[in-house]
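# Chains, contacts and geometry: an overview
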Amino acid sequence: MRTPLIAGNWKMNTDSSSAAELAAAIVCRAGEVTDAELLVCPPTIYLTQVRDSIGDAAVSLGAQNMYHESGGAYTGETSVSMLNDIGAKYVILGHSERRHIMGESDEDVNKKTHAALQAGLRPIVCVGELLEQREAGQTTEVIRGQMEGSLADVTAEQISSVVIAYEPVWAIGTGKVATPEQAEEVHADLRKQLTERYNAEIADTVRILYGGSVKPDNAETLLGQPNIDGALIGGASLKADDFLAIAAAGAAVVQA
Ligand code: 13P
């Protein structure tokens with residue numbers, strides 16, 4: 001059984017005091033969630049502050065992005081060694097907002113994935129189709145292309161450290177959640193792709209998260225799908241109660 005990963009992507013939200021408060025509110029009740037891993041991904045500038053709020057509580061720390069080069073003249077960027085240095089364990093890569101607003105390509109995501117893996121940071125590689133692609137029946141093809149490009153040359157030894165996140169772009173921040181059947185169909189195909197690339201045993205170890213309008217009231221049915229191993233949460237992760245309620249739903253599925 002894969003332990004569900006319940007990840008909060010705070011995006012470009014919070015300020016120094018609200019980031020510390022949100023982290024403290026999550027930490028305070030993190031002990032209630034025993035069968036799911038909790039992860040918070042604050043804005044880069046608040047990573048150290050959130051790390052300090054977490055202390056030694058069972059909440060992991062992740063970044064929302066990084067650059068693939070190890071250091072040097074890259075104004076405004078953050079390297080993987082900097083993320084390691086401040087204690088991050090995960091990094092979200094290729095989020096649809098980075099792909100569609102900042103123009104990141106699969107090749108960019110692939111370079112970052114390799115840099116993260118080489119440095120021992122666990123990448124959360126995001127894939128997902130646009131509404132027009134879904135309506136044109138291109139979902140599988142689009143996601144297969146993103147997987148191939150983003151995970152090119154990732155070895156069988158490395159893939160177990162990778163987390164995949166399926167986030168249909170039309171479901172992000174819109175309140176339009178994918179139905180559990182729609183999500184499971186894509187997740188099952190992602191698992192199949194991992195089986196084709198590696199083997200069934202390896203594919204079985206990889207956690208595949210769903211993201212896109214996950215809320216406390218839809219979490220349990222989504223997380224109850226056989227190939228959904230956690231959630232990547234935007235809006236609802238900014239409220240400790242909602243985030244923890246989603247984590248409790250993930251833990252309940254494990255206990256069922
Ligand atoms: P929402 O949960 O706000 O739809 O955002 C999802 C997301 O993009 C998480 O990375």
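Let me begin by describing the structure that accompanies this report.

## So, the pattern of salt bridges
Taken as a whole, this structure holds 15 salt bridges when the rule is applied. Note that Asp204 is salt-bridged to Arg2, the shortest N-O span being 3.0 Å. Here the residue Asp204 occupies a position in the loop between helix H10 (200-203) and strand S7 (208-211), and Arg2 occupies one in the segment before strand S1 (5-9), the gap between them amounting to 202 residues. The class for Asp204 is partly exposed, based on a relative accessible area of 44%.

## Points about the environment of Glu32
Position of Glu32 among the secondary structure elements: in the loop between helix H1 (16-29) and strand S2 (37-41). Assessed through its relative accessible area of 56%, Glu32 is described here as exposed. For the pair Glu32 and Leu244, spaced 212 residues apart in sequence, the C-alpha separation works out to 8.8 Å.

## Looking at the pairing of strand S6 (residues 163-166)
A two-sided burial pattern is seen for S6, the buried positions comprising Val163 and Ala165 on one face and Ile164 and Tyr166 on the other. Two strands pair when backbone bridges link them, and strand S5 (residues 122-127) and S6 are joined in this way by 4 bridges, in the parallel orientation. By the bridge assignment for S6, Cys126 is matched with Ala165. Of the strand pairs in this sheet, S6 and S7 are connected by 3 bridges, and their pairing is parallel. Among the inter-strand pairings, Ala165 is bridged to a residue of S7, identified as Leu209.

## What about the nonpolar core?
With 69 residues, the main nonpolar core has Ile26 and Leu38 as its most contacted residues. By residue number, the principal contributor to this core is helix H12 (residues 240-255), which donates 8 residues. The next biggest cluster of nonpolar side chains, apart from the first, holds 12 residues, and it includes Ile92, Ile124, Val163 and Ala165.

## Observations regarding the site of the ligand
Close contacts around the ligand come from 13 residues, with Lys11, His95, Gly173, Ser213 and Gly235 the closest. One of the side-chain nitrogen or oxygen atoms of His95 is found 2.8 Å away from an oxygen atom of the ligand. Gly234 places a main-chain nitrogen or oxygen 2.9 Å from an oxygen atom of the ligand. Among the residues making up the shell around the ligand, the classes are represented as 4 nonpolar, 7 polar and 2 charged.

## A few points about unusual backbone geometry
With a phi angle near 50 degrees, Lys11 is a residue other than glycine that sits in the positive phi range. Looking at where Lys11 falls in the secondary structure, it is placed in the loop between S1 and H1. Backbone geometry at Ser213 places phi at a positive 60 degrees, although glycine is not the residue there.

## Notes on the side chain of Glu129
Residue placement: Glu129 occurs in the loop between S5 and helix H6 (131-135). At 2.7 Å, the side chain of Glu129 forms a polar contact with the side chain of Arg134. Among the polar contacts listed, one links the side chain of Glu129 to the side chain of Tyr166, at a separation of 2.9 Å. Not counting chain neighbours up to four residues away, the residues in contact with Glu129 comprise Arg134, Thr139, Val142, Ile143, Tyr166, Glu167, Pro168, Val169 and Trp170.

## Quick notes on the pairing of S1
In terms of residue burial, S1 counts as a mostly covered element, since 5 of its 5 residues are buried. As paired strands, S1 and S2 are joined by 5 bridges and run parallel to one another. Directly across from Leu5, in S2, lies its bridge partner Glu37. Taken together, S1, H1 and S2 constitute a β-α-β crossover, and its handedness is right-handed.

Calculation rules
Residues numbered from 1 in each chain as written. Predicted model: local features only at pLDDT ≥ 70, side-chain atom pairs only at ≥ 80, totals over all residues. Heavy atoms only, no water. Salt bridge = Lys/Arg side-chain N within 4 Å of Asp/Glu carboxyl O. Helix = DSSP H or I, 4+ residues; strand = E, 2+ residues; numbered from the N terminus. Buried < 20%, exposed > 50% of the residue type's maximum accessible area, 1.4 Å probe, protein only. Pairing = 2+ DSSP bridges. Core = buried A, V, L, I, M, F, W, Y, C linked by side-chain atoms within 4.5 Å. Near = heavy atom within 4 Å. Polar contact = N/O pair within 3.5 Å; in protein donor to acceptor, adjacent residues only side chain to side chain. Nonpolar A, V, L, I, M, F, W, Y, C, P; charged D, E, K, R; others polar. Contact = heavy atoms within 4.5 Å. Right-handed = clockwise from strand over helix to strand, strands pointing away.

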